[in-house]
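What follows is each chain in one-letter form.
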Amino acid sequence: MDIQKIQQYKESFDSIGQKIMSDDGQEEVEVWFARDLQNVLGYARWENFQVAIARAVESCKQQNISVDDHFREVTKMIDLAKGAKREVADFMLTRYACYLIAQNGDPKKEEIAFAQGYFAVQTRKAEIIAEHLQEISRLETRERLRASEKQLSENIYQRGVDDKGYGRIRSKGDTALFGGNTTEDMKRRLGVKSTRPLADFLPTLTIAAKNLATEMTNYNVEQKNLFGENPITQEHVQNNISVRNMLGERGIRPEELPAEEDVKKVERRMASNDKKIEKNTSKLPKKK
């Protein structure tokens, strides 16, 4: 998501925030209304959006956080045709409630991805939101690679390949993707300890490239009914070569891309940030 798109989304989200007074009347509490949030999150039907709200409420309960502090059922009047009005159900939400809704929304929606960053950071500057979104993207891409590698391990185990064979297949795939550089070569090149997974230090683009090659291997192992280490190795190597060639056509050499921050550190920071979001969010005023 480029910075211009982020700025457009930011303006839309900024426009629906409202301020109400806290219980002591000393500060303004920022709130959002679910009907407004529904629109900017790209949900056409209220019924579908209620599913995300219900999941967010359940997530709040599971963390032993008071739902009433962050979600408030309210009603509002909406305009109908010919000047008529109708009362509808709505929710008043804190920043933390909005964050939970984004976490439980449709991950395929670009607006949902943006909202996760928007409500996660206290200072909503476009540049900071962009950095947060990049971290989310990298973690999600790394998780997809873990899943596809796990699937590959399970697939080939059923086809006569043990754990050591799986390691050799992955290693030869890396060598193909990185232009002749082995996994250990790349670890030395990027300053990664030999005991750590290389993928934890790769940029999002390279992680995605490894995942694409692995997904292709998973698919063809099943479609071609490949059996044994040699044919599966040939398949995986060829898929990594194909992905490398595709990147090369755009002037990208995976082995030349710099290392990025350890994924484990990013995961710990994100987990810590999740706890801070609720702590730093002003609660809804008590019901009168």
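Provided above is the structure to which this section pertains.
Attention in this report is confined to the structure presented alongside it. Owing to the predicted nature of the structure, the values given are computational and were not obtained by experimental measurement.

Here we take up the pattern of salt bridges. According to the stated counting rule, one finds 24 salt bridges in the structure shown. Between Glu260 and Arg138 there is a salt bridge, with its nearest N and O atoms 3.6 Å apart. Of this pair, Glu260 sits in the loop between α10 (229-249) and α11 (263-279) while Arg138 sits in helix α6 (residues 126-157), and the two are 122 residues apart along the sequence. Arg138 gets classed as buried once you look at its relative accessible area, which sits at 5%. Here Lys264 makes a salt bridge to Glu267, at a shortest N to O gap of 3.8 Å. Taken together, the positions of Lys264 and Glu267, both in helix α11 and three residues apart, correspond to about one turn of that helix. For Lys264, a relative accessible area of 33% gives the class partly exposed. One continuous salt-bridge network, built from bridges that share partners, spans Arg142, Glu143, Arg146, Arg196, Asp200, Asp262, Lys264 and Glu267.

Here we take up the pairing of strand β4 (residues 85-93). The pairing of strand β2 (residues 28-33) with β4 spans two bridges and is classified as antiparallel. In the strand pairing of β4, Trp32 is matched with Leu93. Of the pairings in the sheet, the one linking strand β3 (residues 71-79) to β4 comprises nine bridges and is antiparallel in character. Across the sheet, residue Ile78 finds its bridge partner in β4, namely Arg86.

Reading the values: rules and limits
- Residues numbered from 1 in each chain as written.
- Predicted model: local features only at pLDDT ≥ 70, side-chain atom pairs only at ≥ 80, totals over all residues.
- Heavy atoms only, no water.
- Salt bridge = Lys/Arg side-chain N within 4 Å of Asp/Glu carboxyl O.
- Helix = DSSP H or I, 4+ residues; strand = E, 2+ residues; numbered from the N terminus.
- Buried < 20%, exposed > 50% of the residue type's maximum accessible area, 1.4 Å probe, protein only.
- Pairing = 2+ DSSP bridges.

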